[in-house]
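# Architecture and fold: a report
So you can see what is in the structure, the chains are spelled out below.
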Amino acid sequence: MQKAINILLFLIFTSGFAQTKFGKPEVNPIQIQKTFSEWSAYQSKNIMLSRDFTPLGLASEEISEEAFLDKLANGNFIPVRLKSENGVYVYKLFKILPKTDTSIKATINQIGFDAYKNFKMEGTAFPSFSFKDLDGNPVTNESMKGKIIVIKCWYIHCTPCIREFPQVNKLTEEYKDRKDIVFMSLAEDSAEQLKTFLVRKPLSYSVIPDMKIYMNEALQLNSFPTHFILNKEGLISKVLPNFESLEVALAKESKL
């Protein structure tokens, strides 16, 4: 009986797709809510809110990205990707069912909040800065004018931050001939701690020490790593939570 009800609900949820230009859900939006582990595994691999995507509401209508992220942050919805070509992302909202594990809603609200906050920063001026890197070189807004700036925010004991070192190092190598692209990182730790650590775990970015207060107060960061891409006008082009999204966004920005 329950199986028949689930099938009926799935048909109701997906019936609107037949007359639209978008595909059907790549997973059953009912089944994916069965357990937190099932949802978490799907979300981590298939829902990338920092990528460019087409947002759809409950009735498969196109809505703004801001409205979509606001509903995830404050509402009772899950996002499901629709079947599409590789590199094309279309997400549709579905209602969270009454008996769904509350951890799913809590996780989605937090992910939605972070993505909404990052989205609202895009197009704004990066906070004024005047730093010195570990080699004593001054780094300021003025000295970076006319350049694309890639910024990685991290700290020594952040495992995901360190795990992506080989990938970001490879990225700097890929763009080494682009004199208009600068890679720098803001780290919470002291210069002494960083110099010792970076002997074992090299990072190809220029490293700015003692940035905890700046990242907490000026950038209001609450998750690490966080990556910023600043355009040549000094405005925030993208705010990104991981290397995978950074790589795609930088490829796009570097062609503008």
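Since the model is a prediction, treat every value here as computed from it, not as a measurement.

### Brief notes about the environment of Glu26
- For Glu26, the location among the structural elements is in the loop between helix 1 (2-14) and helix 2 (36-46).
- Residue classification places Glu26 among the partly exposed residues on the basis of a relative accessible area of 28%.
- Taking the C-alpha atoms as reference points, Glu26 and Val88, 62 residues apart in sequence, are found 13 Å from one another.
- In this structure, Glu26 is in contact with Tyr42, Asn46, Val80, Arg81, Leu82 and Lys83, ignoring residues within four places of it in sequence.

### Some words on the environment of Gln31
- The residue Gln31 is located in the loop between helix 1 and helix 2 in this model.
- Separated by 184 residues in the primary sequence, Gln31 and Met215 have C-alpha atoms spaced 40 Å apart.

### A closer look at the packing of aromatic side chains
- Here the structure, examined in full by the defined rule, presents 14 aromatic pairs.
- Between Tyr89 and Tyr91, the aromatic rings sit 6.2 Å apart at their centres with planes inclined by 55 degrees, giving tilted as the arrangement.
- For Tyr89, a relative accessible area of 11% translates into the label buried.
- Relative accessible area serves as the criterion here: at 0%, Tyr91 is assigned to the buried category.
- Where Phe126 meets Phe228, the ring centres are 5.3 Å apart and the plane angle is 75 degrees; that geometry is what we call edge-to-face. Of this pair, Phe126 sits in the loop between helix 4 (102-121) and strand 4 (130-132) while Phe228 sits in strand 9 (residues 226-230); the two residues are 102 residues apart in sequence, bridging distant segments of the chain.

Rules used in this analysis
- Residues numbered from 1 in each chain as written.
- Predicted model: local features only at pLDDT ≥ 70, side-chain atom pairs only at ≥ 80, totals over all residues.
- Heavy atoms only, no water.
- Helix = DSSP H or I, 4+ residues; strand = E, 2+ residues; numbered from the N terminus.
- Buried < 20%, exposed > 50% of the residue type's maximum accessible area, 1.4 Å probe, protein only.
- Contact = heavy atoms within 4.5 Å.
- Phe/Tyr/Trp six-rings, centres within 6.5 Å; stacked < 30°, edge-to-face > 60°.

Read these as layout, nothing more, since geometry by itself doesn't imply function.
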